[in-house]
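# Geometric and topological summary
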Amino acid sequence: MEYHIQFSADKNALVLLDQRKLPCVEEYYTCRNVEEIIYSLKEMVVRGAPAIGVTAAWGCYLAACQLMDKHGQAAAPDAWAKDLEKLLLDLADARPTAVNLAWAVNLMRDLYKKANPQTLKGLVDFWKAEAEKIHADDIAINKRMGAYGAEVIDRGDTILTHCNAGALATAGYGTALGVIRAAHEQGKNIKVIADETRPFLQGARLTAYELHVDGIPVTVACDNACALLMQKGLVQKVVTGADRIAANGDSANKIGTYGVALIAREFNIPFYIAAPLSTIDVETKTGGDIPIEERTPLEVTHVGATQITPDGVPVYNFAFDVTPAELIAGIITEKGILRPPYNESIAKAFMK
């Protein structure tokens, strides 16, 4: 599944499958400028750390296009550099927890400064090529990750996952679901349990959708059924994604992941994280330093247009929690499976 993030040369726009409408409606949202990219990120048209990074890379390209429309193809950097930096800062601030957003913007900025194009046309052409490369690289990285991760999946396993870390959360193939896809492709006869993932229901709406489309057996379970499922012996492995991993291995993922990891430890079930190295933030020392996004109460007080809580009752809607490194059996990356102690294995992975 790679059709959910597409660059349209005809429209000179990024075309995104609107994940707010899935699984019932397949509708696309077209981003022609930075403002529309930011809207797509804030409003969850597109979500998932790697997909956010790919979208941000294309957002940088569209920023350069906007400025070329304003200043002309031949404009020199002194005419547009300040405006460009403002657009990049706005883009990087769209969502706080997923490190891939800032990673992509910083990478595009660094590449541009090294290449030092002397006109806006030069910057536009350069950034288009780099965005295309980041897009293609993400798919290749996910497939390498899947191959490594499939090694820990045994024939006949039922794997529980939380949120959506599949093709829809990446440029294609997926991180946690990439591991599942690879195991399925190897004929390991696996099954998947998808936590519904309140309040945005990414598991019920998105994970179940894409696995069902691909013919991988999947069953949806309420979030609060996790302990019972493990107690009954219905789960052999847990694999989730991550939105930011600290230098010590503490991992931020969708709210509820920490609870799943705690229950998995109780029942001696291996809990794995699958994420590219770009999700590891070596500047963030521990999970306590990871900013946790708080989202609108409406996601909790309403399901669609239907209100389910009384007026005037306050809501906690933290979008993420942090799973401590000691609960994680391994971090599956494109360079192999990192094992404890994570301070050492993460540092070595970045030295390779």
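Reference entry: report on the structure contained in this document.

Parameters at a glance
- Residues numbered from 1 in each chain as written.
- Predicted model: local features only at pLDDT ≥ 70, side-chain atom pairs only at ≥ 80, totals over all residues.
- Heavy atoms only, no water.
- Axes fitted to C-alpha atoms, helices over the stretch in contact; angles between N-to-C directions.
- Helix = DSSP H or I, 4+ residues; strand = E, 2+ residues; numbered from the N terminus.
- Parallel < 35°, antiparallel > 145°, perpendicular 65-115°, else oblique.
- Left-handed = near helix turned anticlockwise from the far one by under 90°.
- Contact = heavy atoms within 4.5 Å.
- Nonpolar A, V, L, I, M, F, W, Y, C, P; charged D, E, K, R; others polar.
- Buried < 20%, exposed > 50% of the residue type's maximum accessible area, 1.4 Å probe, protein only.
- Pairing = 2+ DSSP bridges.

### Considerations on the packing of helix H3 (residues 77–92) against helix H5 (residues 120–149)
One way to put it is that H3 packs onto H5 with a least axis distance of 12 Å and a crossing angle of 30°. Compared by their axis directions, H3 and H5 come out roughly parallel. Relative to H5, the crossing made by H3 is right-handed. In this structure, H3 contributes Trp 80, Leu 84 and Leu 88 to the contact, and H5 contributes Leu 120, Leu 123 and Trp 127. Of the residues assigned to the contact of H3 with H5, the class counts are six nonpolar, no polar and no charged.

### Looking at unusual backbone geometry
At the junction of Leu 22 and Pro 23, the peptide bond is cis and its omega measures out at 5° in the coordinates. Cis geometry is found at the peptide bond from Pro 340 to Pro 341, where omega equals -5°. Of note, Pro 341 is situated in the loop between strand E16 (336–338) and helix H11 (342–351). Of note, the phi angle at Asn 189 is positive, near 55°, even though the residue is not glycine. In the Ramachandran plot, Thr 197 falls in the positive-phi region, its phi being about 70° despite a non-glycine side chain. Assignment of secondary structure puts Thr 197 in the loop between strand E5 (191–195) and helix H7 (202–213).

### A short note on the pairing of strand E2 (residues 13–17)
Each regular strand shows side chains that alternate between the opposite faces of the sheet. Counting buried positions along E2 yields five of five residues, so the element is predominantly enclosed. On E2, burial covers both faces: Ala 13, Val 15 and Leu 17 on one face and Leu 14 and Leu 16 on the other are all buried.

### Digging into the sheet that holds strand E3 (residues 28–31)
Pairing in this open sheet of three strands is antiparallel, and the strands run E1-E2-E3 from one edge to the other. This sheet does not close on itself; its edge strands, each paired only once, are strand E1 (5–8) and E3. Direction aside, neighbouring strands of the sheet carry axes that sit 25° apart on average. When E2 meets E3, the two strands line up antiparallel, connected through four bridges. Among the inter-strand pairings, Leu 17 is bridged to a residue of E3, identified as Tyr 28. Contacts from helix H2 (residues 49–71) reach E1, E2 and E3, with the element oriented near 15° to E1.

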